[in-house]
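Here is how the chains run, residue by residue.
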Amino acid sequence: MSLRLWFIALSHTALGQFMQNSKWGFAIVETFHLIALAVLGGCILLLDLRLLGFVLKDESAVALSRGLHRLFLGSLIVMVFSGIAMVSEEALKCFASPAFRWKMALLAVAVGFYFTVHRRALKSVAKGTATLQSRTAAAVSLILWLGVGVAGRAIGLI
Amino acid sequence: MKTHIGLVRNAALAATLALTAAIPALAHHSFAAEFDGSKPVRLVGKITRVEWTNPHSYFYVDVTNDKGVSTNWGCEGAGPGALSRRGWKKGDLKIGDTIVVDGYRAKDGSNLVDARRVTFPDGRTVYGGTPGDGGPGDNGTPEGAPNAAGPAKH
Amino acid sequence: MPLLQQLCQLLYDSRIGTLIRESDYAFSIIESVHVLGITLLIGTIALLDLRMLGLTLRHLSVTRIARAVLPLTWTGFVVMFVSGFLLFWAEAAKNYTNPAFRTKLVLLLLVGLNPLVFHTTIYRRVHEWELLTISPWRARVAAIASLTLWTGIIAAGRAIAYF
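About the thresholds
Residues numbered from 1 in each chain as written. Chains lettered and ligands numbered in written order. Predicted model: local features only at pLDDT ≥ 70, side-chain atom pairs only at ≥ 80, totals over all residues. Helix = DSSP H or I, 4+ residues; strand = E, 2+ residues; numbered from the N terminus. Buried ≥ 20, exposed ≤ 12 C-beta atoms within 10 Å, placed from the backbone. Contact = placed C-beta atoms within 7 Å. Nonpolar A, V, L, I, M, F, W, Y, C, P; charged D, E, K, R; others polar. Arc of directions from axis to C-beta. Expected span 1.5 Å × (residues − 1). pLDDT = per-residue confidence, 0-100.

### Section: the overall build of chain A
In step 1: Regarding its fold elements, chain A presents seven helices and zero strands.
In step 2: Over its C-alpha atoms, taken along the principal directions, chain A stretches across nearly 55 × 30 × 25 Å.
In step 3: For chain A, with 158 residues in total, the buried portion stands at 48%.
In step 4: In chain A, the share of contacts with a sequence separation of at least 24, taken over all contacts with a separation of at least 6, comes to 78%.

Here it is in structure tokens:
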């Protein structure tokens, strides 16, 4: 089934119909999306600032990442589910929107980066240091996640 | 110039000489949540006020019905950035200009329409929807379907 | 018109307010900064709150996390205050009558009083409890108040467009 048909199907689900006809549905779901955005952003910010050597330099980066990983995952899951609900409200608009496509592409790369290069960088940086590797990983991570956020904003504006 | 209102509930319309100064800035993310796709409206009227504002623009037109009764209607459009990308500049609409607005009436019955297509005095038309937004006139393109005042198709 | 409403109308009618409100890009950019700034302001303080509730980074002392997080939170506050004030400047007259906006202001006041109380009371003795995985009940109350109020502020902010 073509991708476009999946979007149409989503708009026809009970979720989609509810979201399209509810006055407050979108606002409520988006509020959850924003709360999760704050938490996810907070986790990424702290991890990347550690990789840059700006905060918690004397703490183990690995322990930090292990401590924040569940919070990151939980907020990511909330964002995905709330995101699907919001897409179900305007599925074809999202499908046609270049901002939405950019957001999904950047999201995929950002998440993939988090579980691979980013994780390795956290493991590689010993206490009290930041390396070229860790700083680069942090910069890329921050740019990717910022891009996801900006693209998300653009969906509603263009 | 022929002026007419293509609307089902004329009585309700005539009964409300809308004091539309306080039309709420309904932020609709779903056309269907705020506006009624089964209530197409074609307004032909003189502009009384233009609010070229973020997050939504508003312009108000005085529409005179067959009985000579004048009603003020509010038309909600996109923000200035989105409008200018559609070739619509701030000064394009002047007080007293006669325009045609094809839109859909607010579900709460107020004299507010979601302006899907606007025809300027010089004949130029601007389509106000977004590709895929599901509102009437949406055919997945930025220009919209040729006749925006038709029923929504999904 | 009440004095406060007159002031709001003055701001609204001013050149800068009008410029932002009628802008092609400025309003959208300022609003985007404000929305994404939630991360810097709320996302960071949330980590401290969650630590005191024993839900994250339990291996680090409360003060260690506070030291790392608070400069970020304050930076976020500046970003949100400036962007928020500019948005208010553009919409002041409309905001005055908006119940969601008024609610948001009240909640912001409360969320500002909360750490004031917290820092002058239980936090004074933080060295007694900073290593505990779960902080004393007074600190937990402050943490829950913080998380609840910030959630309400986000919700109220979102609701502004609906009134």
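### Some remarks on the environment of T151 of chain C
Residue and element names in this part refer to chain C.
In step 1: Mapped onto the fold, T151 is located in helix 8 (residues 137-159).
In step 2: Overall, the presence of 18 C-beta atoms within 10 Å leaves T151 in the partly exposed class.
In step 3: Taking the C-alpha atoms as reference, T151 lies 9.0 Å from I42; in sequence the two are 109 residues apart.

### Focus: the interface of chain A and chain B
In step 1: If you look at the interface, chain A gives 14 residues, while chain B gives twelve residues.
In step 2: Looking at the side of chain A that touches chain B, the elements that each hand over two or more residues are helix 2 (14-21) and helix 5 (91-96) of chain A.
In step 3: Partitioning the side of chain A that touches chain B into residue classes produces seven nonpolar, three polar and four charged.

### So, the interface of chain C and chain A
In step 1: Opposite the 23 residues of chain C that make contact, chain A presents 23 residues.
In step 2: Of all elements in the fold, only helix 3 (26-36), helix 4 (38-52), helix 5 (62-96) and helix 8 of chain C reach the threshold of two or more residues within the side of chain C that touches chain A.
In step 3: Take the side of chain C that touches chain A: its biggest share by element is seven residues, from helix 4 of chain C.

### Things to note about helix 1 (residues 3-12) of chain A
The α-helix winds at 3.6 residues per turn, so residues separated by three or four positions along the chain end up facing the same way.
Residue and element names in this part refer to chain A.
In step 1: Taken together, the buried positions of helix 1 are occupied by F7, L10 and S11. Within helix 1, the buried residues cover an arc of 100° as seen down the axis, which keeps them to one side. In helix 1, the exposed residues that point more than 90 degrees away from the buried face are L5 and W6.
In step 2: Buried positions along helix 1 lie against helix 2, helix 4 (61-89) and helix 5.

### Points about helix 4 of chain C
Residue and element names in this part refer to chain C.
In step 1: End to end, helix 4 covers 21 Å across 15 residues, agreeing with the expected 21 Å (1.5 Å per residue, within 8%).
In step 2: Here helix 4 lies mainly inside the structure; 15 of its 15 residues are buried.
In step 3: After helix 4 finishes, the residue G54 shows a positive phi value of roughly 75°.

### Examining the environment of D133 of chain B
In step 1: On the secondary structure map, D133 of chain B appears in the segment after strand 6 (125-127).
In step 2: When the C-alpha atoms of D133 of chain B and A32 of chain B are compared, they prove to be 9.7 Å apart, with 101 residues separating the residues in sequence.

### Points about the confidence of the model for chain B
Residues and elements named next belong to chain B.
In step 1: When pLDDT is averaged across chain B, the result is 76; 74% of the residues are at 70 or more.
In step 2: Predicted confidence in chain B is weakest over helix 1 (residues 10-15), with a mean pLDDT of 42, and strongest over strand 2 (residues 57-64), with 94.
In step 3: Within the model, pLDDT remains below 50 along residues 10-28, and this stretch shows 31 contacts once partners closer than five positions in the same chain are excluded.
In step 4: Below a pLDDT of 50 lies the segment residues 148-154, which in the model reaches 18 contacts outside its immediate sequence neighbourhood of four places, other chains included.
In step 5: Interface confidence in the predicted complex, given as ipTM, is 0.95; pTM for the same model is 0.89.

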